[in-house]
Every structure is written in structure tokens, then in C-alpha cells.
Amino acid sequence: MNVLDFARAFFSDGAHWHGYDGIPTRFAEHVGYSLEALVIAAAIGLPVGLVTGHYGRGGNTLALIATAGRALPSFGLLVLMVIWLGLGMLPVMIPLVVLAVPPILVTTYEAVRSVDPSPVDAARGMGMPEARVLFQVELPVALPLIYSGLRTAAIQIVSTATIAAYVSLGGVGRYIIDGLYQKDYEKVVGGATLVAALALVTLAVFWAVSRLTVSPGVRRSG
């Protein structure tokens, strides 16, 4: 059997669509883990990136943090967290958030720094407070690039959230881990296909959000 045969056999088996181990349940778990990690990473990365980008300070420090975050192996960090904290969601969230913060942080910083300084200077010349300059002048122009950082982080989280299955949690990684253990390659291929499908759905969601929230003029200039 080839990969397509394994995938066809997995998705055509009615037993995989029902119960606690069914595709809808595992898919929802995976989406839940991914959303939680993305929200936490965005809550850390966006404010820091916006403020440092607005004032133009801390770029080298952010680059250092990003390099360190990208260098950490997610699975190795997961193992350390499990040894330190025990089983549960927290040891899974930590490596996912550590993975996702760098692209959000650095891209947000670069997005704000890349805004044309002319309208920014004009807004300041009119006496506009710094917070309004950031959110009303810089942010609308920087939004497409900020979305690209969030999108990159989301794809990385979706792809890596399979590690939750290593510590007895759910998600579509459950099919990959259980399939390898049972030598059930239909499950392995099915789980990998679901991860790829979720990554594509994530891309589509960010495309739709960008179309709805980014000014047409900014899209054309980009």
C-alpha cells in the first residue's frame, strides 16, 4: 500500500469518525491546544513588539530572544517541563508558546519600524498622543506584516502541537503516536494528513481575516 491507500483506508473507516478517539474529537482538541498557545504567544509578543517598534529600541535584544527561542528543541523542552512540572497542559503549552513568540515578536517590531515616518511625524506634529500614533497611524499600515508573523506562529504551533500526544493528551498527534506504537500506518498517515489539513485551514483563516481587516489601500501598496 502507498500513502494514498493508507489515507483512504483511514478516512473511509467509520470507526474513526465516532467516540472519544474519533476524528472530530481529536481535531477539536488539536484546534483547542493550538488556539490557546497562539493566544498566549500573541499576548506576549504583540505588545512588546508594538511598543519596541514604536520607540525603535530593543531591536538587538529582540533578535537575540528570537534566535534563542528558535534554537530550543520543542520536544526536548517538553521532556524537561514534564520532569519539572509533571503531566498536564502546562508542560505542553510552554514549548508551544516559546516556539511561537519569536516570529510574532520580531515581525511585529519590524512591521512597525517599516512604516513610512512621514505620516507618523505629521501625527506627532498635530499633537497626537503616542498611543494614538501607534494604534491609529502605525498599526493599520503594519497590520499585513503583523498578520504574517501571527500566521507563521500559528502554522508552527499546529505542526508542533502533536507533541501533546507524547504526554498522554489528545489532538491528532494521538493517531501518529498510537499508530507508530501499534505499527498501524493507516493511523500514522491519517494523523499526518489531518495536521496538514489543519495547517491549510489556518492559512485560509488568516487570508480571510486579512481581507476583512486590512485596508484595500494598504493591501495594494504591499
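**Looking at the overall build of the chain**
For the chain, the count of helices and strands is 10 helices and zero strands. Start at the N end of the chain and walk to the C end: the helices and strands fall as α-α-α-α-α-α-α-α-α-α. Along the three orthogonal principal directions, the C-alpha set of the chain runs to about 65 × 40 × 25 Å. Expressed as a percentage of the 222 residues in the chain, the buried residues total 44%. Taking as baseline every contact in the chain between residues at least 6 positions apart, the subset at least 24 positions apart corresponds to 74%. When the accessible surface of the chain is totalled, it reaches about 11,600 Å², and 67% of it is carbon and sulfur.

**Some words on the side chain of T202**
For T202, the location among the structural elements is in helix 9 (residues 185–213). Assessed through its relative accessible area of 11%, T202 is described here as buried. When near neighbours in sequence (up to four residues on either side) are disregarded, T202 contacts A154, I155 and V158.

**Some thoughts on the environment of L87**
On the secondary structure map, L87 appears in the loop between helix 4 (74–85) and helix 5 (89–113). With relative accessibility at 61%, the residue L87 sits in the exposed group. The spacing of L87 and V167 is 80 residues in sequence and 6.4 Å in space, taken between C-alpha atoms.

**Some details on the layout of surface pockets**
Estimated volume of the largest pocket: approximately 350 Å³. Residue lining of the largest pocket: 18 residues in total, with L35, L38, A154, T202 and F206 positioned closest to the centre. Listing elements by their share of the lining of the largest pocket, those giving two or more residues are helix 2 (23–55), helix 7 (130–160) and helix 9. Per element, the largest residue contribution to the lining of the largest pocket is seven residues, and it comes from helix 2.

**Concerning the packing of aromatic side chains**
To describe a pair of aromatic rings, one takes the distance between the centres and the angle between the planes. Throughout the structure, instances matching the rule amount to four aromatic pairs. Here F6 and Y185 contribute two aromatic rings whose centre-to-centre distance is 6.4 Å and whose plane-to-plane angle is 55 degrees, an arrangement assigned as tilted. Highlighted residues: F6 in helix 1 (residues 3–12) and Y185 in helix 9, separated in sequence by 179 residues. Consider the rings of F10 and F11, whose centres lie 5.0 Å apart with planes at 90 degrees: the pair is edge-to-face. You can call F11 partly exposed: its relative accessible area is 26%.

**Here we look at the nonpolar core**
Formed by 43 residues in total, the largest nonpolar core has its most connected members in L38, V92, L96, I104, I146 and L150. The set of elements that each furnish at least two residues to this core consists of helix 2, helix 4, helix 5, helix 6 (117–125) and helix 7. Sorting elements by how many residues they give to this core places helix 7 first, with 12 residues. The contact partners of L150, leaving out residues within four places of it in the chain, are L38, A42, L46, I104 and F206. Counting residues in each nonpolar core, the second largest holds six residues, with F10, I23, V172 and L194 among its members.

What counts, and at which threshold
Residues numbered from 1 in each chain as written. Predicted model: local features only at pLDDT ≥ 70, side-chain atom pairs only at ≥ 80, totals over all residues. Heavy atoms only, no water. Helix = DSSP H or I, 4+ residues; strand = E, 2+ residues; numbered from the N terminus. Buried < 20%, exposed > 50% of the residue type's maximum accessible area, 1.4 Å probe, protein only. Contact = heavy atoms within 4.5 Å. Areas by Shrake-Rupley, 256 points an atom, 1.4 Å probe, with all protein chains shown as cover. 1 Å grid on protein atoms, 1.4 Å probe; cavity = no way out; pocket = protein on both sides within 12 Å on 5 of 7 lines; lining within 4 Å. Points joined across faces, edges and corners; volume = space filled by probe spheres on them. Phe/Tyr/Trp six-rings, centres within 6.5 Å; stacked < 30°, edge-to-face > 60°. Core = buried A, V, L, I, M, F, W, Y, C linked by side-chain atoms within 4.5 Å.

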